[in-house]
Amino acid sequence: MGGAAFLLVVAAIIVVFVFRSKRRESPYSDRLQRYISNRGGVKYYVDPSTYEDPSEAVKEFAREIDPAHLKIEEVIGAAQFGEVSRGRYRPLGRRELLVAVKTLRWGVTDREKGVFLSEAGVLGQFDHPNVLKLEGVATHSPPERIITEFMENGPLDAFLRENEDQFSVLQLVGMVRGVGAGMRYLSEKNFVHRDLAARNVLVNSNLVCKVSDFGLSRLMRGLDHNMPTYTASLGSKIPVRWTAPEAFQHRKFSSASDVWSFGILMWEVMSYGERPYWDMSNQEVMKAVADQYRLPAPHNCPPALHSLMLQCWQAERGDRPAFDSLLSSLDRLIRHPASLKAEHPRSTSQTLLSPTPTDLSSVATVSEWLSALRMDRYKEEFERAHLDTLDRVSLITMEDVQGLGVNLLGHQRKIVSAAQQLRTHLTQGQVEV
Ligand code: 30K
């Protein structure tokens, strides 16, 4: 008798378990499951704008929330299509969650409504600790709402400005690492963000950073083994200071252009929310970047980190590291905290780093370095001064160069600037081993 009751309980538990896991197993429809298996296990995200009716994508990937389970509290900020409020959501049978509620403002066009909701259609396909989590949507009656997790510390740029100099380098690198992990996940799904910047990253109470703002992004279609690229239609606004040159010139957005933006975001974080390129105009920024000028290391920024930024800002997008390699480099730095000791050769002012025409990884001797700079004519002067190792050359100053007999001011500047970059490169090299 007791045995039968026991069996009954066990059977009930199994039934409940199977039912729950069936329900939770897949937010994906059969359509996506088929899509996934067709691609040999690689999970590509599906662009809601490829649906005839984008609201179909929302139905597919976002859970509909009953507004009766939602309490909206105060407004916490503005977004493209309306305001964002803090709220509480109690899913059936689960405990109450703090949420952020984006509300679609009254009087928008159907097109705008489609763009608004398609962000939920994108977000709903992602599940990663460093990507903003979608709780659901409320679309059955206006105003339409998107419900995501609440992030206690708000946008990363403002958070850093309000807490200037309050974090250790290790904490800052931890934030950068989190964003990088989110981006690696998104790039694995073939998703190109296009608007990665500190203002579009949110921070929770544990200092965990999550990528948000999926409005600008599109599915990038590419050949299987090529970098996916996409040439956008004309007329969309581009955040120039965060955008790779090939993207603002020819609208070629790719994971490699997201890597460029990630380098700018690293610079924002290490400078506690300073504006990239300060008060330069967009036109000036585009010209400087095309002329190979780059942002210098922020105050107290370890050379190894600045070196990673410079790699993200390689003019050739094929020369930039991918997110997984950036993550390995960041993890290596975090595991060897001594490598993060801030020690930059010179104080940095608000001046850009001069162009170096060189890929320093292929330079092993002073003579190769001079050739790469197209400064071969000074080889003898360097030899005479016993500047015969890259290490010595990397510490060279303006006075040293003048003493060598390099008389043209332009050449003096070029050599000293290239030497500074070499210093950064060599310091990073020591960390690699
Ligand atoms: O908790 C929050 N969860 C969110 C989810 C929040 C914002 C979004 N979307 C916005 C992200 C930033 N982007 C800028 C272009 C606009 C859309 C999604 C969110 C916010 C927040 C709300 C509006 C704008 C920016 C951020 C949030 N702001 C906070 C401010 C906050 N949470 C917590 C504290 C706080 O103190 C000042």
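This section reports on the structure supplied with the text.

Definitions and cut-offs
- Residues numbered from 1 in each chain as written.
- Predicted model: local features only at pLDDT ≥ 70, side-chain atom pairs only at ≥ 80, totals over all residues.
- Heavy atoms only, no water.
- Salt bridge = Lys/Arg side-chain N within 4 Å of Asp/Glu carboxyl O.
- Buried < 20%, exposed > 50% of the residue type's maximum accessible area, 1.4 Å probe, protein only.
- Helix = DSSP H or I, 4+ residues; strand = E, 2+ residues; numbered from the N terminus.
- Near = heavy atom within 4 Å.
- Polar contact = N/O pair within 3.5 Å; in protein donor to acceptor, adjacent residues only side chain to side chain.
- Areas by Shrake-Rupley, 256 points an atom, 1.4 Å probe, with all protein chains shown as cover.
- Pairing = 2+ DSSP bridges.

Re the pattern of salt bridges
Counted according to the given criterion, the structure contains 19 salt bridges. Residues Lys379 and Asp376 are paired through a salt bridge, measuring 3.3 Å at the closest nitrogen-oxygen approach. A relative accessible area of 26% places Lys379 in the partly exposed class. Between Asp391 and Arg423 there is a salt bridge whose closest N-O contact spans 3.4 Å. Here the residue Asp391 occupies a position in helix α14 (residues 390–393), and Arg423 occupies one in helix α16 (residues 409–432), the gap between them amounting to 32 residues. Given a relative accessible area of 40%, Asp391 falls into the partly exposed group. Several salt bridges converge on common partners, so that one network encompasses Lys71, Glu73, Glu74, Arg86, Arg88 and Glu96.

Some remarks on the site of the ligand
Around the ligand sit 20 residues in total, of which Ala100, Thr148, Glu149, Met151 and Asp213 are the nearest. The backbone of Glu149 places a nitrogen or oxygen atom 3.2 Å from a nitrogen atom of the ligand. Out of a free accessible area of 680 Å², the ligand has 75% covered by protein chains. Of all the secondary-structure elements, those providing two or more residues to the shell around the ligand are β1 (70–79), β3 (97–103) and β5 (145–149). The dominant element in the shell around the ligand, judged by the number of residues it contributes, is β1, at 4 residues.

A few points about the pairing of strand β2 (residues 82–89)
Among the 8 residues of β2, 6 are classified as buried, and the element is accordingly described as predominantly covered. In the sheet, β1 pairs with β2 via 7 bridges, with the strands oriented antiparallel. In the strand pairing of β2, Leu70 is matched with Tyr89. The turn linking β1 back onto β2 is made up of 2 residues. Summarising the sheet, β2 and β3 pair through 6 bridges and their orientation is antiparallel. In the sheet register, Arg86 faces β3, and the bridge partner there is Ala100.

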